[in-house]
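Single-letter residue listing:
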Amino acid sequence: MPKSMVLSAIVALAIVGCSRPESHLSANKQLVQRYFEEIINQGRFGVADELVGSDVRFTNPPTVLRTREEFKQWSRPCARVSRTSTFGSTM
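The following refers to the structure shown. (Residues numbered from 1 in each chain as written. Predicted model: local features only at pLDDT ≥ 70, side-chain atom pairs only at ≥ 80, totals over all residues. Heavy atoms only, no water.)

It is worth spelling out the overall build of the protein at this point. Along its length, the protein carries 4 helices and 2 strands. The buried share among the 91 residues of the protein stands at 30%. For the protein, the proportion of contacts with a sequence separation of at least 24, taken over those separated by at least 6, is 53%. Of the roughly 5,700 Å² of accessible surface on the protein, 55% is carried by carbon and sulfur atoms. (Helix = DSSP H or I, 4+ residues; strand = E, 2+ residues; numbered from the N terminus. Buried < 20%, exposed > 50% of the residue type's maximum accessible area, 1.4 Å probe, protein only. Contact = heavy atoms within 4.5 Å. Areas by Shrake-Rupley, 256 points an atom, 1.4 Å probe, with all protein chains shown as cover.)

As structure tokens, then:
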């Protein structure tokens, strides 16, 4: 999985869950862990309905995502690589 995709996903999820950074560090960490475990590792894309806001705006040139569905579609290649690779979890 390209490092830029992983980093972009972490940043996107941290921003989505970051309304008060000082008091929500643990919640943001859990959000990112759930993203990787449930969506990327297990391929459960419906979990994005809980983790990603309906008004998501994610820009990582050339990628621009404007909806939760676009975010799910963007995550699918990462999940396929994760489920077919031999590397372990990094979280």
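Let us look at the pattern of salt bridges. Under the criterion given, the structure shown has 6 salt bridges. With a shortest N-O distance of 3.2 Å, Arg44 and Glu38 are connected by a salt bridge. You can call Glu38 buried: its relative accessible area is 13%. Note that Asp49 is salt-bridged to Arg68, the shortest N-O span being 3.9 Å. Residue Asp49 is found in helix H3 (residues 48-51), and its partner Arg68 is found in helix H4 (residues 68-84); the two are separated by 19 residues along the sequence. Using a relative accessible area of 40% as the deciding quantity, one classes Asp49 as partly exposed. When salt bridges that share partners are traced, they join Arg34, Glu38, Arg44 and Glu50 into one network. (Salt bridge = Lys/Arg side-chain N within 4 Å of Asp/Glu carboxyl O.)

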